[in-house]
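A look at the structure
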Amino acid sequence: MVIIPATTGQLGVLPGHVATIELKHGVLSVHDGNDVSNYFVSSGFAFIHANSFADIVAFEAVPLDQIDASQVQKGLAIQPELSLNI
Amino acid sequence: MAMALLRREGKRFATTPFIRSEEIVPQGTRSISTQIVRNRMKSVKNIQKITKAMKMVAASKLRGIQSKAENSRGVFQPFAALLGDLPSVDVKKNVIVTISSDKGLCGGINSTAVRMSKAMYKLASGTSYIHSASNDFGGPDKEIKYVILGEKAKAQLIRDSRKDIELSITDLQKNPLNYTQVSVLADDILKNVEFDALRIIFNKFQSVVSFLPTMATILSPEVIEREAESGGKLGDLDSYEVEGGETKAEVLQNLSEFQFSCVMFNAVLEHACSEQGARMSAMDSSSRNAGDMLDRLTLTYNRTRQAAITTELIEIISGASALTG
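Per an unreviewed UniProt entry, the recorded name for chain B is ATP synthase subunit gamma, mitochondrial, and the organism is Coptis chinensis. Regarding chain B, the UniProt comment filed under Subcellular location (unreviewed entry) reads as follows: "Mitochondrion inner membrane". For the record of chain B, the UniProt heading Sequence similarities (unreviewed entry) holds the text "Belongs to the ATPase gamma chain family."

Checking UniProt for chain A, the heading Sequence similarities (unreviewed entry) contains the comment "Belongs to the ATPase epsilon chain family." In UniProt, chain A has this text filed under Subcellular location (unreviewed entry): "Mitochondrion inner membrane".

If you want it as structure tokens, here you go:
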């Protein structure tokens, strides 16, 4: 199952989802059995095909554990207009 | 009387063994041909060293780019799954994007890319009319333009299609290739060139010795709309729910532009890999040729040297025997 940040909120995708095209910047989390991996994605597209295949193409995708929270806060302090309400 | 003459002749032989009266050859240069052969051998050996070094450099560069290229193959596949690749689409404005290298000595990959571009041009401009079962390709009112990446294709295409070249970009590989650079490039092309279909021609990297000239087709949003409505491969594009507050036209435009930049990224990386691989094999074969040439020259040199020594020996011995006998 994948949780995709969509323009209308969080979209949980399981096999058998209706075909959709969607993505917004935010946190994408992939649940593989009991493994959860979180990524931060900037803009892009997520195609969910009718045959239960999902393709996610993002401009930039960073695993969340590679992002340093304090650095982000410092960056936001310098340029507050870049802060996105996620 | 005769004996005195012979004795005098013998003395002349004994004192000046290296000059014969018939020949006007300066002293010590009886083996003039070995000098030439030796010079050739030196230059061939230097060339062999250079080509070996170039092969090593190309091999190391290839290793670096190859993993990047293989990873980038996954980037454009979702688009191919969604929108398909329709090389036979019939549109008015074709733009052919040819990807080639800036540096030479890389075998035939640039020529194959240029040949494919020229063939595509002919096909699309209708000078060779192709009737297929499904559509008529080509026609007199079609517009085709070139966008050229790399010096080599520019040099070849500028000769006969100068007026059709819309944009030409060189010095692509000065900095290591990354997506941001390619997306800026793609943005440039999209802004300056009007197109209905973009055809990207590049060499796909299959292995170090084999490259496949490939063409990737990207359609503009209007053409996608048209193809989706007419059914066929893109017919079920409408079955996808598009969430968010954008209209279908905007989504299609975003899709098309993103697809272009992804495909360009993959194409540029594949081309870089093919270039290094082709350079490796070209330099390898030229090192081998240089080695063969060196072997042949060594044989010639030894033969000439031994012949010269033998002639000297014969002269000395015949001179000595003329003295004693």
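**Describing the pairing of strand S6 (residues 44-48) of chain A**
Residue and element names in this part refer to chain A. Of all the 5 residues making up S6, 5 are buried; the element is thus mostly covered by neighbouring parts of the structure. As paired strands, S6 and strand S7 (residues 54-58) are joined by 5 bridges and run antiparallel to one another. Of the residues in S7, the one forming a bridge with Phe-47 is Asp-55.

**Describing the nonpolar core**
Nonpolar side chains tend toward joint burial in soluble globular proteins. All names here are of chain B. By size, the foremost hydrophobic cluster in this structure holds 56 residues, and its most contacted members are Val-147, Leu-149, Leu-198, Ile-200, Leu-255, Phe-260 and Met-264. Here this core takes 15 residues from helix H7 (residues 248-324), the largest share from any one element. Non-local contacts of Leu-149, meaning those with residues more than four positions away in its chain, are made with Val-97, Thr-98, Ile-99, Ser-100, Ile-169, Leu-172, Leu-185, Met-264 and Val-268. Listed in part, the 12 residues of the second largest apolar core include Ala-124, Ile-144, Ile-148 and Leu-157.

**Considerations on the sheet that holds strand S6 (residues 197-207) of chain B**
Hydrogen bonds between backbone groups are what pair the strands of a sheet, and the pairing can be parallel or antiparallel. Residues and elements named next belong to chain B. One open sheet holds the 5 strands; their spatial order is S5-S4-S1-S6-S7, and the pairing between them is mixed. Both edges of this open sheet fall to strand S5 (165-169) and strand S7 (210-219), since each of them pairs with a single strand only. This sheet shows a mean twist of 20° between the axes of neighbouring strands, independent of strand direction. The pairing of strand S1 (residues 93-99) with strand S4 (residues 143-149) spans 7 bridges and is classified as parallel.

**What about helix H3 (residues 109-125) of chain B?**
All names here are of chain B. With 17 residues, H3 extends 24 Å between its outermost C-alpha atoms, agreeing within 8% with the 24 Å of an ideal straight helix rising 1.5 Å per residue. Burial in H3 covers these residues: Ile-109, Asn-110, Ala-113, Val-114, Ser-117, Met-120, Ala-124 and Ser-125. Along the long axis of H3, the arc covered by the buried residues comes to 130°, so they all point the same way. In H3, those exposed residues whose orientation departs by more than 90 degrees from the buried face are Arg-115 and Lys-122.

**Focus on unusual backbone geometry**
Residue and element names in this part refer to chain B. The backbone of Leu-105 shows a phi angle near 60°, a positive value even though the residue is not glycine. On the secondary structure map, Leu-105 appears in the loop between S1 and H3. The exposure class of Leu-105 is exposed, given its relative accessible area of 54%.

**Some points on the pattern of salt bridges**
All names here are of chain B. On inspection of all chains with the given rule, the structure shows 7 salt bridges over all chains. For the salt bridge of Glu-194 with Lys-93, the shortest nitrogen-to-oxygen distance reads 2.7 Å. Taken together, the positions of Glu-194 in the loop between helix H5 (179-192) and S6 and Lys-93 in strand S1 put the pair 101 residues apart, joining distant regions of the chain. Note that Asp-284 is salt-bridged to Arg-288, the shortest N-O span being 2.6 Å. On the criterion of helical spacing, the pair formed by Asp-284 and Arg-288 is a turn pair, its members being 4 residues apart in helix H7. Salt bridges here are not isolated pairs; linked through shared partners, they connect Lys-55, Asp-284 and Arg-288.

Here is what the cut-offs are and how they apply
- Residues numbered from 1 in each chain as written.
- Chains lettered and ligands numbered in written order.
- Predicted model: local features only at pLDDT ≥ 70, side-chain atom pairs only at ≥ 80, totals over all residues.
- Heavy atoms only, no water.
- UniProt positions renumbered as here; feature names shortened; annotations may be inferred.
- Buried < 20%, exposed > 50% of the residue type's maximum accessible area, 1.4 Å probe, protein only.
- Helix = DSSP H or I, 4+ residues; strand = E, 2+ residues; numbered from the N terminus.
- Pairing = 2+ DSSP bridges.
- Core = buried A, V, L, I, M, F, W, Y, C linked by side-chain atoms within 4.5 Å.
- Contact = heavy atoms within 4.5 Å.
- Axes fitted to C-alpha atoms, helices over the stretch in contact; angles between N-to-C directions.
- Expected span 1.5 Å × (residues − 1).
- Arc of directions from axis to C-beta.
- Salt bridge = Lys/Arg side-chain N within 4 Å of Asp/Glu carboxyl O.

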